[in-house]
Amino acid sequence: MPRFAANLSMLYPEHDFLDRFAAAARDGFKAVEYLFPYAYDATTLAQRLADHGLQQVLFNAPPGDWDAGERGLACLPGREAEFRDGVVRALAYAAALNCPRVHLMAGKAPAGVDRAALRRTYLANLTWAAQQAAARGVDVLIEPINTRDIPGFYLNRQDEAHAIAAEVGAPNLKVQMDLYHLQIVEGDVAMKLRQYLPTGRVGHLQIAGVPMRHEPDLGELNHDYLFSVIDELGFDGWIGCEYRPKGSTSAGLSWLKRSAIAQ
């Protein structure tokens, strides 16, 4: 049955970040994810996980200058050294938090730079990162993101992501399949699940209501049906709840309780 992880960067905004672990555990979550751990010492985060019986299942490698609008480094020529330093830092956190996967954000395509050059850089960086992560038993993930939320983001489509993963050929390079982004860019979500989940290259799923990115039962997607498809296909990974609650996070979890497939 599908397993759900609370995204602590988005859920429980009514609490300070370190208090969100307890809030997620109170609501029955057994796992968490979030964007970045680097504002906190890894031992502090590990203690929060242990205190509340939670598993860390995902976070992102350093994205560059987030406040300046950067959204990853993996495809950017000339930033390879910074990318590698970020991967090393992320893997150290992954070891401390016992986290089995790290997302490597592709980054925004710079104006005037040939996409072929971006792709060469992306492939080389992913190959190197996958090798480093494999030695530590960690999967590295790439995620197609829609250009409405992040204009100019390099990687947007499932077929592109799976082709890149196949070309790199590293068993621990997986695709992070966010159904919110997928619906906005491509649609036909159930058939995309049927196409890609059986390949074994999908390492993580994420959900949110479309179009407003609120709870998954608000909007145009029938998540109860999609959960049944995911269950039918035997996906045994985690589904990250990466949405912005419309009101109280806990009150908005009626979709999870109603689904009868909570952990």
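Just so it is clear, the structure is predicted and the values come from calculations on it, not from any experiment.

This part covers empty space enclosed by the protein. Following the criterion strictly, the structure yields one cavity of 30 Å³ or more and no others. As for the largest cavity, its lining consists of A61, P62, P63, G72, L73, F83, G86, V87, H103, L104 and M105. Here the lining of the largest cavity is built from residues that sort into eight nonpolar, three polar and no charged.

Another aspect to go through is the pattern of salt bridges. Following the criterion strictly, the structure yields 11 salt bridges and no others. Here E82 and R79 are joined by a salt bridge, their closest N and O atoms 2.9 Å apart. Given the relative accessible area of 37%, E82 is considered partly exposed. Here K192 makes a salt bridge to E186, at a shortest N to O gap of 3.7 Å. Just as K192 is buried, E186 falls in that class too. Because the salt bridges share partners, they merge into one network encompassing R157, D159, E186 and K192.

As a further point, take the pairing of strand β5 (residues 139-142). Here three bridges tie strand β4 (residues 101-103) to β5, and the two strands are oriented parallel to one another. Of the residues in β5, the one forming a bridge with R101 is D139. Running through helix α4 (residues 115-134), the crossover from β4 to the neighbouring parallel element β5 is right-handed. Where β5 lies against strand β6 (residues 173-178), three bridges are found, and the strand directions are parallel. Paired with V140 across the strands is L173, a residue of β6. The β-α-β motif built from β5, the intervening helix α5 (residues 158-168) and the parallel element β6 has right-handed crossover chirality.

Attention now goes to the nonpolar core. Ranked by internal contacts, the top residues of the largest apolar core, which has 85 residues, are F21, F29, F59, Y122 and L193. Core analysis: the next-biggest nonpolar cluster, separate from the first, contains six residues, A5, A31, L58 and L141 among them.

The subject of this paragraph is α4. What sets the pattern is the α-helix's 3.6 residues per turn: residues three or four places apart point alike. For α4, built from 20 residues, the straight-helix expectation of 28 Å at 1.5 Å per residue is met to within 8% by its first-to-last C-alpha distance of 28 Å. For α4, the full list of buried residues reads A117, L118, T121, Y122, L123, N125, L126, W128, A129, A130 and A133. Where α4 is buried, its residues touch α3 (80-97), β5, α5 and β6. Its side-chain oxygen at 3.1 Å from the backbone nitrogen of A116, D114 defines the N-terminal cap of α4.

Moving on, we come to the pairing of strand β3 (residues 55-60). For β3, a buried count of five out of six residues is recorded, marking the element as mostly surrounded by other parts of the structure. Strand direction decides the pairing type here: strand β2 (residues 31-33) and β3, joined by three bridges, are parallel. Across the sheet, E33 pairs through a bridge with L58, a residue of β3. Relative to β4, β3 runs parallel, the two sharing two bridges. Bridge pairing links F59 to V102 in β4.

Calculation rules
Residues numbered from 1 in each chain as written. Predicted model: local features only at pLDDT ≥ 70, side-chain atom pairs only at ≥ 80, totals over all residues. Heavy atoms only, no water. 1 Å grid on protein atoms, 1.4 Å probe; cavity = no way out; pocket = protein on both sides within 12 Å on 5 of 7 lines; lining within 4 Å. Points joined across faces, edges and corners; volume = space filled by probe spheres on them. Nonpolar A, V, L, I, M, F, W, Y, C, P; charged D, E, K, R; others polar. Salt bridge = Lys/Arg side-chain N within 4 Å of Asp/Glu carboxyl O. Buried < 20%, exposed > 50% of the residue type's maximum accessible area, 1.4 Å probe, protein only. Pairing = 2+ DSSP bridges. Helix = DSSP H or I, 4+ residues; strand = E, 2+ residues; numbered from the N terminus. Right-handed = clockwise from strand over helix to strand, strands pointing away. Core = buried A, V, L, I, M, F, W, Y, C linked by side-chain atoms within 4.5 Å. Expected span 1.5 Å × (residues − 1). Contact = heavy atoms within 4.5 Å. Polar contact = N/O pair within 3.5 Å; in protein donor to acceptor, adjacent residues only side chain to side chain.

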